[in-house]
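Take a look at the letters that make up each chain.
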Amino acid sequence: MSSSQVKLMIDGNTLEAPRGMLLVDAALRAGIDVPVFCYHPKMEPVGMCRMCLVEIGRPSRDRQSGEFLLDENDQPIINFGPNLETACTTRIDEGWVVYINSERALEGQKQIVEFLLTSHPLDCPVCDKGGECPLQDLTMLHGPGISRFSFHDKMNSLKRVALGELIILDRERCIQCARCIRFQEEIVDDPVIEFSNRGRSLEIVTFSEPGFDSYFSGNTTDICPVGALTTSDFRFGSRPWELNAAASICPHCPVGCNIILNTRREVKMGGSEIVKRVLPRQNEMINEIWICDKGRFAYSYAMDSERLSQPMIRVGGELEETSWDNALKVAAEGLKQSGANLLGLAGGRASNEDLYNFKQLIQGLDGVSMLNDFMAGGKQNQQIGLGPGSNLGDLGVGDAIVVIASDLLEEAPIWWLRVKQAAERGAKLIVANARFTKLEKYSAHTVRYSFGDAPETVLGMLHYVTGDSSLNKYAKVDGQEESARIIKEATNAVLFMGSEGSDSESSKRLVQACGSLLAATEHIGKANNGLIPVWLKNNTQGAWDMGLTPPEKHLAEEFRDRTALYLMACDPFGDNPEMLQELPQDAFVIVQELFHTPSVDRADVVFPAQSFIERDGTLTSGERVVQLFYPAVSPHGESLPDWKILARIGALLGVAMESTSAAGVMNRIAEDIEDYGEIHYRELMNREDQWPPVGGKQIYFGGTAYENSQGIGIRLSSRAQRGEAYEPVWKESPKKPKGEGIRIVPIVKLYDQGTTVLPSLLLAQRIGQPELVIGQEDADRLLLQNGAQVEVQWNGTAHQFPVAIDNDIPEGIVLLPRNRQLGLEMPMACNLTPVKPTSKEKGE
Amino acid sequence: MLQDNHATEIAQILERYPQASKRAAVMPLLFLAQREVGFISRDAINEIAGLLDLDPTDVGSLIGYYTLFYDKPGGKYRIQICTDLPCALRGAEKFSHEVCEMLNIQVGETTEDGFFTLEEVMCLAACDRAPLFQVQGKGGIQYHENMTLESTTAFIESIREQDANE
């Protein structure tokens, strides 16, 4: 037995556990339950609720030698203290004898439940938590049938306090365990809720504006051990035992959080099955037991009544609904007649199966297929991405994490959370960006470069690593040398690369520079080392893996002279209405979509596609984990999964494709694509025991996040890990054009106005109106004040926005959240004109 | 804005604490805010939060925890009579009723002229000198011990007079 392990006895069972482990954890690992409310395995213990009272006996020791004192039978003399102790704050030691279910301990636990119930309303029959409530369960187990306290002394408090528009608090039900407050403070560092007052009057309050507005707020309802915190979408929505649970993968960002879609038949929807709520599904390698509010609340787009439900064809200039057979026939005929110069454009939202069949179909028709994106890095991720055995949760002391050109909190909140936590565990975090982002708060080092200079900044770091003198011209920003040293000395290093401030050309140079830096510091080809691209779409990596890459030229040029265009899961004419002029008027257009987008308006044939809640498929995350999502509800209208639509057209045109099932398509992918050789649906369903236990019987311990019984996915190995050499290359930077005035840079906001976010009524208030962020110098020069309207022209189009002044933004740069209809994919030159004369101007 | 009238004092308070733990200045700044208008307004909470890089919730939640902080306006002076058990045995409850009658208000109310708010509070740690009250207002907090209705009336008159002269 190593000295770090101790032996102790709990309720007569002898067990071994690491010294210093909390008694409550040690007991649960040995299969013995200690009831808890305030304790949560992901947070520091506080011992506030006293539910976990147990009897602890410690062996007496000789004062001189430190040896155990023995009784006449040569057994250690065990001393039990006069009081019960809390198992959640006590760290175990050698020789302890603990009673959790002794008469005395149970009496203590009973009294605590009785005490908690003096002011807790027993409104379980109407409480949303009823049926999955730790207090309800423990009351059934330990609670007295009759209270000794006077009913008239019961605290009466407000039953509906909207802490924000998403989270509602029932003050009467709160048992003051502070799990929610501690989550906001310790885990996500957004302390917008706190206790106020004291004693029996203790209550949860917020003084923040606008209230409980945090990207992670929904998680507090999962870990609330009573029905005090509920989400506004599920409040009085259903009883938990009426719900079916389908495992799924969040479709909103490249993290690939594991989720559960809880569904139920709904009278209001004519008896059809609908999604009632989204809960996290545990995957300690990906999202632990958390999800962000976008993933939790933006699902409703999939059930929106505006969804396309019938195939349509253009007859006499108008789109008309028709049958599948007819629409497929018209599409096939159209492709036969006009398919001579066919372009296929797919979005990174589609599943691997869709993207694979898409590539097969377009290739089979001798067309050109592309991914509707501009960011580079998919190839490098295949070469030097994170490999099997990696887990951001393992990074800590001695490791380094670099985040460059990305605002992780907005682009991939759960990655932000895990990087922040790694930094708090001791990993050295380097944040390199052209502006302040919240992640800087946890960084060991911040590198601030000029907008557009990300590749040069990395090449400058490379100079300090390799000493390559040809690169010393790039070593000009503060912090490059120190960052290079940190990366070089780190045991493990992970580099997150985003696209903020990049265009397609500089994105390529950035990923090459990042790859070279990782290779030069030997942080490739092993677990917990390598590159993670922060994609703008959830399955962009899957698209790269299926052989779809962004256009080499500008997308507008790709549209020229095309005779036919096939669009899947993307809306280029909605993103940029100017594109319409580039496509020849007589080009034949097929669109597979969820909604009636502007691209649908240009289509000759429209196929209604199924959303992620109606079908199965796989997605490949930015970390290159392939994960399976399952169907949760029946299809909307006559919609079909994208891969199936493609296979049916293929059949009419003589292109052989898998048409039976998504699993079947994956078998073809496994045969065809080397990296996916081992991927089959059965293996993707593999599960693994994880800590802490959540859901099910252990709901009181970890909360209502679901246990992962449907598959934790498979992490693809990188080529470097398989022994393939990586050839670092980098390009010299082109000379920058000078004096081009103001540049407008698109940035990512979590709640954007995308097709999959806008239909969510719940998030309506959070989405807000886009503002143009401008630096103080430019604002002064243009006599602009906060909130003033400004007209911005780029690429021949004009738009109006209110301005928000930010001191951190340098002169000559303005920022605008990415959005549809803007045609602003990459940074470009723009002109600013104030719309109304400001008061300052009037005064002159 | 506190900064408009008390810039120097705020700077002095902030100077007392190292930059890394400047949140420690939250208590003296709350005292300052309360001294200004007799309670801590929502604007003051936001201003203090801004000064200390805290979330307004971190600042605002303290007001409820400490009984001497107020989040609502009251009289210029708050008279706080201890009516805990030992004081009650020495007649504090009766004393409180009499003072209420004299001021023509109920416990928790403010006199018509806006001068005095009367409150009953828990232990002030001077049981042997009950009936007693503490006064919170101009000049901070003062104890008035071994009080009678007469001495209290005199005290109240003196405050009114003093204020009229200012």
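Residues numbered from 1 in each chain as written. Chains lettered and ligands numbered in written order. Predicted model: local features only at pLDDT ≥ 70, side-chain atom pairs only at ≥ 80, totals over all residues. Heavy atoms only, no water.

1. Description of the sheet that holds strand E3 (residues 133-137) of chain B
Residues and elements named next belong to chain B. One open sheet accounts for four strands, arranged E2-E1-E3-E4; its pairing is mixed. A single partner strand is all that each edge strand has here, and the edge strands are strand E2 (116-121) and strand E4 (140-144). Neighbour to neighbour, the strand axes of the sheet diverge by 20 degrees on average, direction disregarded. The pairing of strand E1 (residues 77-82) with E3 spans four bridges and is classified as antiparallel. Across the sheet, residue Arg 78 finds its bridge partner in E3, namely Gln 136. The sheet contacts of helix H6 (residues 92-103) involve E1, E2 and E3, and relative to E2 the element is tilted by about 165 degrees. (Pairing = 2+ DSSP bridges. Helix = DSSP H or I, 4+ residues; strand = E, 2+ residues; numbered from the N terminus. Axes fitted to C-alpha atoms, helices over the stretch in contact; angles between N-to-C directions. Contact = heavy atoms within 4.5 Å.)

2. Re the side chain of Arg 818 of chain A
Residue and element names in this part refer to chain A. Residue position: Arg 818 is located in the loop between strand E34 (813-817) and strand E35 (828-834). Here the side chain of Arg 818 touches Glu 825 through a polar contact of 2.8 Å, landing on its backbone oxygen. Contacts of Arg 818, omitting those with residues within four sequence positions, involve Phe 374, Ser 499, Leu 536, Pro 746, Ile 747, Val 748, Asp 752, Leu 824 and Glu 825. (Polar contact = N/O pair within 3.5 Å; in protein donor to acceptor, adjacent residues only side chain to side chain.)

3. Some remarks on helix H3 (residues 134-142) of chain A
Residues and elements named next belong to chain A. Along H3, the residues classified as buried are Pro 134, Leu 135, Leu 138, Thr 139 and His 142. Along H3, the residues classed as buried sweep out an arc of 130 degrees about the axis, all on the same side. Residues of H3 that are buried make contact with helix H2 (103-116) and helix H22 (699-702). (Buried < 20%, exposed > 50% of the residue type's maximum accessible area, 1.4 Å probe, protein only. Arc of directions from axis to C-beta.)

4. Looking at the domain arrangement of chain A
Looking at chain A, the domain boundaries give domain 1 (5-101), domain 2 (153-303), domain 3 (312-373 + 543-715), domain 4 (378-534) and domain 5 (742-843). Domain 1 of chain A and domain 5 of chain A are separated by 59 Å when their C-alpha centres are compared. (Domains from an automatic or database assignment.)

5. Describing the domain arrangement of chain B
How big an interface is tends to be reported as the loss of accessible area on association of its parts. For chain B, the assigned domains read domain 1 (2-65) and domain 2 (77-164). Inter-centroid distance (C-alpha atoms) of domain 1 of chain B to domain 2 of chain B is 28 Å.

6. Focus on the interface of chain B and chain A
Residue-level contacts link 13 residues of chain B with 14 residues of chain A. Summing both sides of the interface, chain B and chain A together bury roughly 1100 Å²; the carbon and sulfur share of this comes to 48%. Across the contact surface, chain B and chain A share one salt bridge. The salt bridge partner of Arg 42 of chain B is Glu 209 of chain A, with a shortest N-O separation of 3.6 Å. Seen at the junction of chain B and chain A, the total is nine residue pairs in polar contact (both at pLDDT 80 or more). Looking at the side of chain B that touches chain A, the elements that each hand over two or more residues are helix H3 (42-52) and helix H4 (56-65) of chain B. The dominant element in the side of chain B that touches chain A, judged by the number of residues it contributes, is H4 of chain B, at seven residues. Looking at the side of chain B that touches chain A, its residues break down into four nonpolar, six polar and three charged. (Buried area = accessible area lost by both parts, 1.4 Å probe. Salt bridge = Lys/Arg side-chain N within 4 Å of Asp/Glu carboxyl O. Nonpolar A, V, L, I, M, F, W, Y, C, P; charged D, E, K, R; others polar.)

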